[in-house]
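Listed below, chain by chain, are the residues.
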Amino acid sequence: MARRALITGITGQDGSYLAEHLLEQGYEVWGLARGQANPRVSRMRKLLTEVQVVRGDLLDQGSLISAVERVRPDEVYNLGAISFVPMSWEQAELTAEVTGMGVLRMLEAIRVCSGVSRGGGSGASGGQIRFYQASSSEMFGQVSETPQTERTAFHPRSPYGVAKAYGHFLTQNYRESYGMFAVSGILFNHESPRRGAEFVTRKVSLGVARIKLGLATELRLGNLEARRDWGFAGDYVKAMHLMLQAANPEDYVIGTGRMKSVRELVEAAFTAAGLDWERYVVTDQALHRPAEVDLLCADPKKARTQLAWEPKVPFDELVAMMVESDLRLLSAGGDADQDSSWP
């Protein structure tokens, strides 16, 4: 009998790549979708023929219990979140409810449906549901050491980072209090042609494509000196899966171990299109964060040694992939929500 996985946030970048990977592994995949008319569900054209959708909302405890009872998953991947960091200042309460409290609600749904009581042990479900929480490098914020490991202290610098830290510690707490197989993947920045247009990497690749095609004359950006550890989302979802196959539930840092500045990202993107970035990029102070995170860099040694996980796609190849995808998209008259890279 095929193993069954439930993914929250399946309409996002990570959810779509994870669904594809799990289907390749022979899983029966279910995606949690909120409401009756989620416009992002319809863009997953191919996946909709292979992924089953169950209704549920991270804001509604009852709906999550109903979803888990219906699906009876072997594994739950909680990727759903308000994930655009700048928005978390504008909608701090919603970010806390979805990105933070949503973790509590999903853990509770699993605990209730599994018949788990304090001290561990499963009841009527006949087996333990394994839980993956999408933690974030934004929890490190104002870093105390570089590179960052599983033991590096958190100092989040945004409501998003704070909410993610809450969810991370709650996952640990349920693991220790109830004996649940609950893990967190502390993923550093991971991108792809499916990244939302509001994120800086996609903003850059779309901006370069528009300039190359004569649809724009400039690209406005904020802090060019911020440095991040960027990798390919398709590589990172494989680490999520590996964490739930391990013998013991543990948390892992996932990244490349190499930093690049936003300036280097911009240069690579314009180079991929055969353009000189300095002719087109305008820095705009209004686009800076209220509290900046200057640098983030992963130490993925634990994942490499214990999970045998390695990132495959190098930075320049990732950036070129995104620019080429957006050139095809815009040339065909599409927009970011109609991207042909979506399955």
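Here, the structure is the one placed above.
Residues numbered from 1 in each chain as written. Predicted model: local features only at pLDDT ≥ 70, side-chain atom pairs only at ≥ 80, totals over all residues. Heavy atoms only, no water.

Another aspect to go through is the pattern of salt bridges. Across all of its chains, the model carries 13 salt bridges by this definition. Linking R111 and E108 is a salt bridge whose minimum nitrogen-to-oxygen distance equals 2.8 Å. A residue pair is termed a helical-turn pair when its members lie 3 or 4 positions apart in one helix, as R111 and E108 do in helix α4 (residues 92–114) at 3 residues. Its relative accessible area of 18% is what places E108 among the buried residues. Note that E218 is salt-bridged to R220, the shortest N-O span being 3.0 Å. The exposure class of E218 is partly exposed, given its relative accessible area of 36%. The network of salt bridges with common partners includes E218, R220 and D284. (Salt bridge = Lys/Arg side-chain N within 4 Å of Asp/Glu carboxyl O. Helix = DSSP H or I, 4+ residues; strand = E, 2+ residues; numbered from the N terminus. Buried < 20%, exposed > 50% of the residue type's maximum accessible area, 1.4 Å probe, protein only.)

So, on to a negative patch on the surface. A contiguous patch of negative charge, built from E264, E267, D276 and E278, is present on the exposed surface. Relative to the helices and strands, D276 is located in the loop between α8 (262–272) and β13 (281–283). On the accessibility criterion, D276 (39% relative accessible area) is partly exposed. (Patch = residues over 30% accessible without salt bridge, like charges linked within 9 Å, V, L, I, M, F, W, Y side chains within 5 Å. Areas by Shrake-Rupley, 256 points an atom, 1.4 Å probe, with all protein chains shown as cover. Lys, Arg positive; Asp, Glu negative; His and termini not counted. Charge placed at Lys NZ, Arg CZ, Asp CG, Glu CD.)

Our focus in this paragraph is the pairing of strand β2 (residues 28–33). The buried fraction of β2 amounts to 5 of the 6 residues, a majority that puts the element mostly inside the structure. Sheet topology note: the strand β1 (residues 4–8)/β2 ladder contains 5 bridges and is parallel. Each bridged residue has a counterpart across the sheet, and for L6 the counterpart in β2 is W30. Where β2 meets strand β3 (residues 52–55), 4 bridges bridge the pair, whose relative direction is parallel. Opposite A33, over in β3, you have R55 as the bridge partner. (Pairing = 2+ DSSP bridges.)

Our focus in this paragraph is the packing of helix α2 (residues 61–71) against α4. The geometry of α2 relative to α4 is characterised by a closest axis approach of 9 Å and an angle of 45 degrees between their N-to-C directions. The orientation of α2 relative to α4 falls into the category oblique. Of the two elements, α2 crosses α4, and the hand of that crossing is right-handed. Residues Q61, L64, I65, V68 and E69 of α2 lie in contact with α4, whose contacting residues are R105, M106, E108, A109 and C113. Class assignment of the residues belonging to the contact of α2 with α4 gives a composition of 6 nonpolar, 1 polar and 3 charged. (Axes fitted to C-alpha atoms, helices over the stretch in contact; angles between N-to-C directions. Parallel < 35°, antiparallel > 145°, perpendicular 65-115°, else oblique. Left-handed = near helix turned anticlockwise from the far one by under 90°. Contact = heavy atoms within 4.5 Å. Nonpolar A, V, L, I, M, F, W, Y, C, P; charged D, E, K, R; others polar.)

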